[in-house]
Amino acid sequence: MWEMNGRDCDIAIIGGGLSGGLIALALAVLRPDVSVRLVETGDQLGGNHRWSWFGTDLSEAGAALMEAFRRTEWTDGYIVQFPKYRRHLKSSYLSLASTDFAARLERDLPEGVIMTGQEVTALDADGADLADGTRITARTVIDCRGFTPTDTLQGGWQVFMGRHLRTPQPHGVSRPTIMDADVDQLAPYANGPADNDGAYRFVYVLPLGAHDLFIEDTYYADKPLLDRSALSARIDEYQRQLGVTGDPVGFETGVLPVITGGDFAAFQRQHRVEGVAQAGARGGFVHPLTSYTLPIAVDVALAVAEDADLPGDQMAAKLEARARRHWAAMGHYRMLGTMLFCGARPRERYRVFERFYRLREPLIERFYAGKSTLLDKLRVLSGKPPIPITRGIGALMSKAPPLTVPSRKDTQ
C-alpha cells in the first residue's frame, strides 16, 4: 500500500520479537490511523520463546493490551524452593508462548503490516533496505532487533534450556515453581564444576495443562556456554525426580545478558543510527538482573503509541531519553547483580536468593516489576548478609567481564 505522502508507511518496526510485536499491537489498538510495517527475519513473529510475568507487574493499560493473548494464568500463586527453605507466594503468575503471541498479531494486525522472512541489510532515518532489494520508506523507523553483545557493558549470562513435555497421565503439578534451587549447583555444560567457572543453577516448572508441563534448566553463569546435551540430561533427571514421563513437544534455549555495570552512554553511541529509534534490549530496555522483559516492553509500546505522530528523529530522542532514565532507575539491581557474580562463591550464590525470598511479598513483587522503593532497597541490604561483608565490599569495587561476543563453540 502506497501512502498519500509517498512513503510506504508511517512507522517501520524492524524486528518482530516481543518489543517490536507489542509496539505494532499497541499502535493497531490505540492508533489504528497510523500505518505500520513490522519486518522480521524469521518465519514467525516472536521466534521460539516463552515470556512470563507477575499479575502485579502491569499497569491497567498494560494489562488491557495483554488481555486478548491466549496465555496461561495461575491465580493460586507460585513456589520457590531452596535446600533449607520452601515458600508458597500468593501473587498470580502468567506465561505466554511465542506461538500464541504470533497468532494474535497475525489475527489483529491489519493486512499487509507483517513482513516475515525478510532480512534487513541496512536502515536509516527514512527506511530500511531488504536483502531482496526492496526498500521500505517510513516517517519513523524503530529498531527492535534485539541485544547484541558489547564491550561497553559488564555482567554475566542467564543460560537456559526449556522442554515442553506432554504426559500420558495427569502430571499432578498444580502451581508453577519459578525457582527450584534445591538441585546440584553445576555449570551449564558437562564436566564443569561451578567452583571453577561459576553458575547459580535452578529449575523452573510451569504446569501448562493437566497433561502439559514446561521444565526449564536455568543458570546464572559467568560465561555464555550452553551444552545442550548436558542440560537435556539434567532435565531428564529432574523429570525422574518428579516421577513424570511423556513426549517432548517443544524446546527452547537461550543466552541472555545479566547486566551489572558499564558505560551506558557508550552503549547508546555504539548502537545509534541517527534518526532511528531503538527499543527492546537493543535500546537498553531490560531488567538487568532478572531478564524479565515483558512488563518493560509493554510500557515502551504504550509510550510509542502515545506519541505515534512524532517524526523519526524526535521518536529516537524520546526513546533514548527514556532508556537513560531506565538505566538510572536500575542501578540498585545492577549492584545486586555485581554482588551475585563477583561477591558470592558459585556454589553459594543460591543463598542470595534464598535470603531474598524470605522478605515480604509486596517487596518481591516490586523487585520483579523494577519498581523497588527506597525502603525496599534498604531492606534488601539490611540484616545478616548472605555473603561475607568483606566479599561484598570487594565485589562492589570490582567489575564483571564485558558482555562480549561468544565464540561459536560457546553457544553449541
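See the structure above.
No experiment lies behind these values; they were computed from the predicted model shown.

### Brief notes about the nonpolar core
Here is step 1 of the chain: In this structure, Ile13, Leu22, Ile23 and Met66 are the most contacted members of the largest nonpolar core, which totals 71 residues.
Here is step 2 of the chain: Counting residues per element, this core draws most heavily on helix H7 (residues 294-306), which supplies nine residues.
Here is step 3 of the chain: Leaving out residues up to four positions away in the same chain, Ile13 has contacts with Gly20, Ile23, Ala24, Leu27, Val36, Arg37, Leu38, Val39, Ile142 and Cys144.
Here is step 4 of the chain: In this structure, Met179, Leu208, Phe341 and Tyr357 belong to the second largest nonpolar core, which totals 36 residues.

### Details of the environment of Trp74
Here is step 1 of the chain: Here Trp74 lies in strand E4 (residues 72-74).
Here is step 2 of the chain: Residues Trp74 and Ser95 lie 21 residues apart in sequence; the distance between their C-alpha atoms is 8.9 Å.
Here is step 3 of the chain: At 3.1 Å, the side chain of Trp74 forms a polar contact with the backbone oxygen of Pro207.

### A closer look at the pairing of strand E9 (residues 120-124)
Here is step 1 of the chain: Note that E9 and strand E10 (residues 127-130) share four bridges and pair antiparallel. The partner of Asp124 across the bridge, within E10, is Gly127.

### Brief notes about the side chain of Arg50
Here is step 1 of the chain: Take Arg50: it is sitting in strand E3 (residues 50-54).
Here is step 2 of the chain: This buried residue, Arg50, is left without a salt bridge; Glu252 holds the nearest opposite charge, at 5.5 Å.
Here is step 3 of the chain: Here Arg50 is in contact with Ser95, Leu96, Ala97, Leu206, Leu208, Phe214 and Glu252, once residues within four sequence places are set aside.

### Considering the sheet that holds strand E7 (residues 93-97)
Here is step 1 of the chain: Spatially, E3-E7-E4 is the arrangement adopted by the three strands of the open sheet, whose pairing is antiparallel. Each of the sheet's edge strands pairs with one partner strand only, and the pair in question is E3 and E4. Across the sheet, the axes of successive neighbouring strands diverge by a mean angle of 15 degrees, strand direction being ignored.
Here is step 2 of the chain: Of the strand pairs in this sheet, E3 and E7 are connected by five bridges, and their pairing is antiparallel. By the bridge assignment, Arg50 is partnered in E7 with Ala97.

### Brief notes about the pairing of strand E12 (residues 150-166)
Here is step 1 of the chain: The element E12 is extensively covered by neighbouring structure, given that 15 of its 17 residues are classed as buried.
Here is step 2 of the chain: Both E12 and strand E18 (residues 402-403) contribute to a ladder of two bridges, which runs antiparallel. Within E18, the residue paired with Thr150 across the bridge is Leu403.
Here is step 3 of the chain: Pairing of E12 with strand E16 (residues 247-262), which is carried by 14 bridges, proceeds in the antiparallel orientation. Of the residues in E16, the one forming a bridge with Leu153 is Gly262.
Here is step 4 of the chain: In terms of strand pairing, E12 meets strand E15 (residues 212-221) through 10 bridges, oriented antiparallel. Looking at the pairing, Leu165 lines up with Leu213 of E15.

### Section: the packing of helix H9 (residues 331-343) against helix H12 (residues 374-381)
Here is step 1 of the chain: Two numbers describe how H9 lies on H12: the axes approach to 11 Å, and their chain directions differ by 10 degrees. Of the possible angle classes, the one that applies to H9 and H12 is roughly parallel. Of the residues in H12, those touching H9 at His332, Met335 and Leu336 are Lys377, Val380 and Leu381.
Here is step 2 of the chain: A per-class count over the contact of H9 with H12 returns four nonpolar, one polar and one charged.

### Structural notes on the side chain of Asp57
Here is step 1 of the chain: Structurally, Asp57 is set in the loop between E3 and helix H2 (60-66).
Here is step 2 of the chain: For the buried Asp57, no salt bridge is present, and the opposite-charge side chain at shortest range is Lys371, 7.3 Å distant.
Here is step 3 of the chain: Among the polar contacts listed, one links the side chain of Asp57 to the backbone nitrogen of Phe54, at a separation of 2.9 Å.
Here is step 4 of the chain: In this view, Asp57 contacts Pro295, Glu365, Tyr368, Ala369 and Lys371; residues no more than four positions away in its chain are not counted.

### Let's talk about the pattern of salt bridges
Here is step 1 of the chain: For the coordinates displayed, the defined rule picks out 20 salt bridges.
Here is step 2 of the chain: Measuring nitrogen to oxygen at the nearest pair gives 3.0 Å for the salt bridge that ties Arg104 to Asp108. With Arg104 and Asp108 both in helix H3 (residues 98-108) and four residues apart, the pair spans about one turn of that helix.
Here is step 3 of the chain: Residues Arg272 and Glu320 are paired through a salt bridge, measuring 2.7 Å at the closest nitrogen-oxygen approach.

### Some points on helix H6 (residues 264-271)
Every α-helix carries 3.6 residues per turn, so stepping three or four residues along brings you back to the same face.
Here is step 1 of the chain: All buried positions along H6 are accounted for by Phe264, Ala266, Phe267, Gln268 and His271.
Here is step 2 of the chain: Here the buried face of H6 lies against E12, E16, strand E17 (277-278) and helix H8 (312-329).
Here is step 3 of the chain: At the N-terminal end of H6, a side-chain oxygen is found 3.2 Å from the backbone nitrogen of Ala265, two or three residues along, and the residue is Asp263.

### Examining the environment of Asp222
Here is step 1 of the chain: As for its placement among the helices and strands, Asp222 is situated in the loop between E15 and helix H5 (228-242).
Here is step 2 of the chain: On the basis of relative accessibility, which here comes to 25%, the residue Asp222 falls in the partly exposed class.
Here is step 3 of the chain: When the C-alpha positions of Asp222 and Val34 are compared, they lie 44 Å apart, and in sequence the two are 188 residues distant.
Here is step 4 of the chain: Separated by 3.1 Å, the side chains of Asp222 and Arg349 make a polar contact.

### Remarks on the packing of aromatic side chains
Here is step 1 of the chain: Inspection of every chain in the model, using the stated rule, returns 24 aromatic pairs.
Here is step 2 of the chain: Both rings, one in Tyr220 and one in Phe341, keep their centres 6.4 Å apart while their planes meet at 40 degrees; by these two values the pair is tilted. Separated by 121 residues along the polypeptide, Tyr220 in strand E15 and Phe341 in helix H9 bring together distant segments of the chain. Exposure class is identical for Tyr220 and Phe341. Each is buried.
Here is step 3 of the chain: A centroid spacing of 5.8 Å and a plane angle of 50 degrees characterise the contact between Tyr220 and Phe353, whose relative ring orientation is tilted. Residue Tyr220 is found in strand E15, and its partner Phe353 is found in helix H10 (residues 350-356); the two are separated by 133 residues along the sequence.
Here is step 4 of the chain: Of the residues examined, Phe353 reaches a relative accessible area of 9% and is grouped as buried.
Here is step 5 of the chain: Through pairs of rings, three or more aromatic residues link up here, namely Phe54, Trp74, Tyr78, Phe82, Tyr93, Tyr204, Tyr292, Tyr333, Phe356, Tyr357, Phe367 and Tyr368.
Here is step 6 of the chain: Directly above the ring of Phe214 sits Arg50, whose terminal nitrogen or CZ lies 5.4 Å from the centroid.
Here is step 7 of the chain: The ring of Tyr85 has Arg358 lying over it, and the distance from NZ or CZ to the ring centre is 4.0 Å.

What counts as what
Residues numbered from 1 in each chain as written. Predicted model: local features only at pLDDT ≥ 70, side-chain atom pairs only at ≥ 80, totals over all residues. Heavy atoms only, no water. Core = buried A, V, L, I, M, F, W, Y, C linked by side-chain atoms within 4.5 Å. Buried < 20%, exposed > 50% of the residue type's maximum accessible area, 1.4 Å probe, protein only. Helix = DSSP H or I, 4+ residues; strand = E, 2+ residues; numbered from the N terminus. Contact = heavy atoms within 4.5 Å. Polar contact = N/O pair within 3.5 Å; in protein donor to acceptor, adjacent residues only side chain to side chain. Pairing = 2+ DSSP bridges. Lys, Arg positive; Asp, Glu negative; His and termini not counted. Salt bridge = Lys/Arg side-chain N within 4 Å of Asp/Glu carboxyl O. Axes fitted to C-alpha atoms, helices over the stretch in contact; angles between N-to-C directions. Parallel < 35°, antiparallel > 145°, perpendicular 65-115°, else oblique. Nonpolar A, V, L, I, M, F, W, Y, C, P; charged D, E, K, R; others polar. Phe/Tyr/Trp six-rings, centres within 6.5 Å; stacked < 30°, edge-to-face > 60°. Lys NZ or Arg CZ within 6 Å of the ring centre and 35° of its normal.

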